[in-house]
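A structural walkthrough
The residues making up each chain are set out below.
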Amino acid sequence: MNITHSSQRGALACLSLCVLLSSLGTSIANVALPELARAFGVSFQQVQWVVLAYLLAVTSLVVGVGRLGDLIGKRRLLLAGILLFSLASLASGLASFRGLLAARALQGLGAAAMLTLAMAFVADVAPKAQTGRAMGWLGSMSAVGTALGPSLGGALIAAWGWPAIFLFNAPLGAAVFLLARRSLPADAPTARASRFDYAGALLLALTLSAYALAMTLGRGRFGPQNLAWLLAAAIGVAAFLRVEARGAAPLVRIAMLRDPALSGPLIAAALVATVMMGTLVVGPFHLSRALGLDAMGAGLAMSMGPAISMLAGVPAGRLADRFGAKRVSLAGLAAMLAGAALLAALPASLGVAGYLAPLAALTVGYALFQAANNALVMAGQPADRRGLVSGLLNLARNLGLVTGAAALGAVFAAAAGGPIADARPEAVAWATRAVFAVSALLMAAALLALLALRRGRRAGLAPLERGPSRRPRHFGLIRPALSEPARAPAGIARQPLQIVGAGAKTGTRAPGAGE
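Residues numbered from 1 in each chain as written. Predicted model: local features only at pLDDT ≥ 70, side-chain atom pairs only at ≥ 80, totals over all residues. Heavy atoms only, no water.

Focus: the confidence of the model for the protein chain
When the pLDDT values of the protein chain are averaged, the result is 82; 85% of them are 70 or greater. Within the protein chain, the lowest mean pLDDT, 39, falls on helix 20 (residues 462-466), and the highest, 95, falls on helix 5 (residues 74-92). This stretch, residues 455-515, has a pLDDT under 50; its non-local contacts, to residues over four places away or in other chains, come to 119 contacts. (pLDDT = per-residue confidence, 0-100. Helix = DSSP H or I, 4+ residues; strand = E, 2+ residues; numbered from the N terminus. Contact = heavy atoms within 4.5 Å.)

Looking at empty space enclosed by the protein
Scanning the model with the defined rule gives two cavities of 30 Å³ or more in all. For the largest cavity, the calculated volume is near 100 Å³. Taken together, His286, Leu291, Leu343, Leu346, Pro347, Ala348, Gly351, Gly354, Tyr355, Ala429, Thr432 and Arg433 form the lining of the largest cavity. At the level of secondary structure, the elements contributing two or more residues to the lining of the largest cavity comprise helix 17 (351-378) and helix 19 (425-451). Of the residues contributing to the lining of the largest cavity, the split by class is seven nonpolar, four polar and one charged. Reported here for the second largest cavity is a volume of approximately 40 Å³. Every residue lining the second largest cavity is listed: Leu52, Leu55, Leu56, Thr59, Ala212, Thr216 and Val402. Breaking the lining of the second largest cavity down by element, the ones donating at least two residues are helix 4 (49-72) and helix 10 (198-216). The leading source of residues in the lining of the second largest cavity is helix 4, at four residues. Of the residues contributing to the lining of the second largest cavity, the split by class is five nonpolar, two polar and no charged. (1 Å grid on protein atoms, 1.4 Å probe; cavity = no way out; pocket = protein on both sides within 12 Å on 5 of 7 lines; lining within 4 Å. Points joined across faces, edges and corners; volume = space filled by probe spheres on them. Nonpolar A, V, L, I, M, F, W, Y, C, P; charged D, E, K, R; others polar.)

Considering the state of the cysteines
Following the criterion strictly, the structure yields zero disulfides and no others. In this structure Cys14 is not part of a disulfide, and its nearest cysteine sulfur, from Cys18, lies 4.4 Å away. Cys14 sits in the buried class, given a relative accessible area of 0%. (Disulfide = S-S within 2.5 Å. Buried < 20%, exposed > 50% of the residue type's maximum accessible area, 1.4 Å probe, protein only.)

Structural notes on the nonpolar core
Grouped together as the largest cluster of nonpolar side chains are 127 residues, with contacts concentrated most on Leu15, Val63 and Leu78. It is helix 17 that contributes the most residues to this core, 14 residues altogether. Ignoring any residue separated from it by four or fewer positions in sequence, one finds Val63 in contact with Leu204, Leu251, Val252, Leu388, Gly391, Leu392 and Leu395. Core analysis: the second largest hydrophobic core is formed by five residues, Leu52, Leu56, Ala212 and Leu213 among them. (Core = buried A, V, L, I, M, F, W, Y, C linked by side-chain atoms within 4.5 Å.)

In structure tokens form, the structure reads like this:
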């Protein structure tokens, strides 16, 4: 696909803003919950649905939205998602409480399209050799949204009240919509008509919603209501697998999930998200209760993680492009394992530095893994499957986040031996070490999942696994893509010239490389 240098930069900026706005949609609303409860006169259990409605919509619909983008066109559906997100943001700021919940669900549907299709679009706007850099940039934008949300939301509420946090997104969304129309390449014509699996998409959405509710309701206590939702989710999984196995055009072909080249990175992504959510759950308690920091000190210490993620995203992508996505993914997991193991072993007597230094190593490992793993999975996908696989990647991350909050939160509470608010500093420190001991085991499992990858299972993974040979340095964010006729003569010495079959290439690489 031909794309000019200016259009390429505009397209990447558009995709980055899509990720930023989607991330802001979650983080900016959390800080407004107390104000919303007062404004509408509702309880905490009711007001938390302002956040849950958005998260449930994103989690339950990312796979279906991704597949639909493959069928009707990624650009068309992404534009619709941006428009829906913007209009729902406007409605959220003007609605009653029930209207706010409905608008937040629609905003989540728009965000699902923006998150999923932004990642799926990377292969269309960035050269293959720089996929990791582009994925790293999207990861940095996600971290910016997470870090910026609380402070921006607090400032907007202080100046103009709670409606401002939603109305703020409407003009930004409109600007992104115009940028997308101008910069994103047109959808390629589909070779053949395919049916969308409505039954499978509905079953999957209901199943994921049930699981998310099982993990989030109850304010940290797993009771009969949580068990009922978990049972409903298990029944939904069985029904979904049955429908997909029998369908002529299933939403997700079960054989895809049996391929270690896809299932390994998906499992690793879910486990990594679980651990990262665990750091957010235990961090405030450990810093305040075990280390004795006040609210401002704990907040500053907690801001280190998002700051590292923001700064490390693009360098992590460059490393993936230079040394190979699989190698960098494994290096990231190894760093996370080392960081979690140190946090599990080091005593609280080492103070704030003894906590933040291993946490920094864990966060750098996360940035390395996130950029490289996304590139590893997406770069080898055919154009008619990128939306679906991007949806699966986002789903794995979201499931990891909700599972981490519930499961590692339960480990933390059990190890503390009672209510956290009344626990002694020694008990909180012990509970923190218990959580990171479990996290270290999860990172070891993630390493095993990636090591199970069979080289050359897909031809598209081979260049990323081996890493490129020597390349000239490019100091821009993304090097301008060359048109296909010009690409082959320019890369005679080092680049593959022709794809003959599954992994067969001509060029200077050793025979069988990547097979």
